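Structural overview
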Amino acid sequence: MGLNSALVGRVYRSPDTYEVGREKIREFRAAVGATEGDDAPPTFPIVLAMKAQEAAVLDPDLGFDFSRVIHRDQSFRHTRPVRSGDVLTVEVHVTRVETLGANDLVALRSDIRTAGGEDVCTATTTLITWADTP
């Protein structure tokens, strides 16, 4: 059927904030094999971004089959490190929607800020569906 490209530009705001705890940073550091430190590892914002991105990729208006997803690309641009005690919000922007042969592609930008509005990180994600037919 193909994706609904009219959703490019749509914004999804996470209704919840995320309070970064010291233990969550420790757990994430252990999971990715990072050395000890006070700040979260640079990839920690994926914890927030993935949850917030669900609203976009599961939006029935988009038509994306998340059960067949392959993670194509991920990047982070930091304004400052994520720290224990931060209370963060996420705003997800649909930046690209297209069909490539038998595959669908969705690109998202997640702007992560403190509850007070300070920019912390921008995470970009590109997802593609896997087609089992050539």
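Definitions and limits used
- Residues numbered from 1 in each chain as written.
- Predicted model: local features only at pLDDT ≥ 70, side-chain atom pairs only at ≥ 80, totals over all residues.
- Heavy atoms only, no water.
- Phe/Tyr/Trp six-rings, centres within 6.5 Å; stacked < 30°, edge-to-face > 60°.
- Helix = DSSP H or I, 4+ residues; strand = E, 2+ residues; numbered from the N terminus.
- Buried < 20%, exposed > 50% of the residue type's maximum accessible area, 1.4 Å probe, protein only.
- UniProt positions renumbered as here; feature names shortened; annotations may be inferred.
- Contact = heavy atoms within 4.5 Å.
- Lys, Arg positive; Asp, Glu negative; His and termini not counted.
- Salt bridge = Lys/Arg side-chain N within 4 Å of Asp/Glu carboxyl O.
- Polar contact = N/O pair within 3.5 Å; in protein donor to acceptor, adjacent residues only side chain to side chain.
- Core = buried A, V, L, I, M, F, W, Y, C linked by side-chain atoms within 4.5 Å.
- Arc of directions from axis to C-beta.

Going by what an unreviewed UniProt entry lists, the protein is known as MaoC family dehydratase N-terminal domain-containing protein and is assigned to Nocardiopsis codii.

Here we take up the packing of aromatic side chains. Two aromatic rings, taken as a pair, are described by how far apart their centres are and by the angle between their planes. In this structure the tally under the stated criterion is two aromatic pairs. Between the aromatic rings of Phe28 and Phe44, the centroid separation amounts to 5.3 Å while the plane-to-plane angle is 75 degrees, which identifies the pairing as edge-to-face. Pair noted here: Phe28 is in helix H1 (residues 22–32) and Phe44 is in the loop between H1 and helix H2 (46–57), with a separation of 16 residues, a long-range link. Classification of Phe28 as buried rests on a relative accessible area of 15%. Phe44 gets classed as buried once you look at its relative accessible area, which sits at 1%. Among the aromatic residues, those joined into a cluster by ring pairs are Tyr18, Phe28 and Phe44.

Moving on: the UniProt feature "domain: FAS1-like dehydratase" (unreviewed entry) in the protein. Residues given the UniProt feature "domain: FAS1-like dehydratase" (unreviewed entry) here are residues 6–122. A helix fraction of 20% and a strand fraction of 38% characterise residues 6–122, whose end C-alpha atoms lie 23 Å from each other.

Now for the environment of Thr114. Secondary-structure assignment places Thr114 in strand S5 (residues 103–114). Using a relative accessible area of 13% as the deciding quantity, one classes Thr114 as buried. C-alpha separation for the pair Thr114 and Tyr18, spaced 96 residues apart in sequence, amounts to 9.2 Å. Among residues more than four places away in sequence, those in contact with Thr114 are Arg80, Val87, Leu88, Thr89 and Val120.

By secondary structure assignment, the location of Asp104 is in strand S5. Arg68 is the oppositely charged side chain nearest to the buried, salt-bridge-free Asp104, at an N-O distance of 7.8 Å. Within the structure, the side chain of Asp104 is placed 2.9 Å from the side chain of Thr99, a separation counted as a polar contact. Beyond its immediate sequence surroundings of up to four residues, Asp104 is in contact with Gly2, Leu3, Phe64, Glu98, Thr99, Leu127, Ile128 and Thr129.

A few words on the nonpolar core. Counting residues in each nonpolar core, the largest one holds 29 residues, and the members touching the most others are Phe44, Leu62, Phe64, Val82, Leu88, Val92 and Leu108. Taken together, the elements giving at least two residues each to this core come down to H1, H2, strand S4 (87–100), S5 and strand S6 (119–129). When sequence neighbours within four positions are dropped, the list of residues in contact with Leu62 reads Leu3, Asn4, Leu7, Ala56, Val57, Val97 and Val106.

Before going further, it helps to examine H1. Among all positions of H1, only Ile25, Phe28 and Arg29 are buried. Looking straight down H1, one finds that the buried residues subtend no more than 100 degrees of arc, so they occupy a single side. Turned more than 90 degrees away from the buried face of H1 sit Ala30 and Ala31, all of them exposed. Buried-residue contacts for H1 involve H2. Gly33 occupies a position one or two residues after H1 and carries a positive phi of about 70 degrees.

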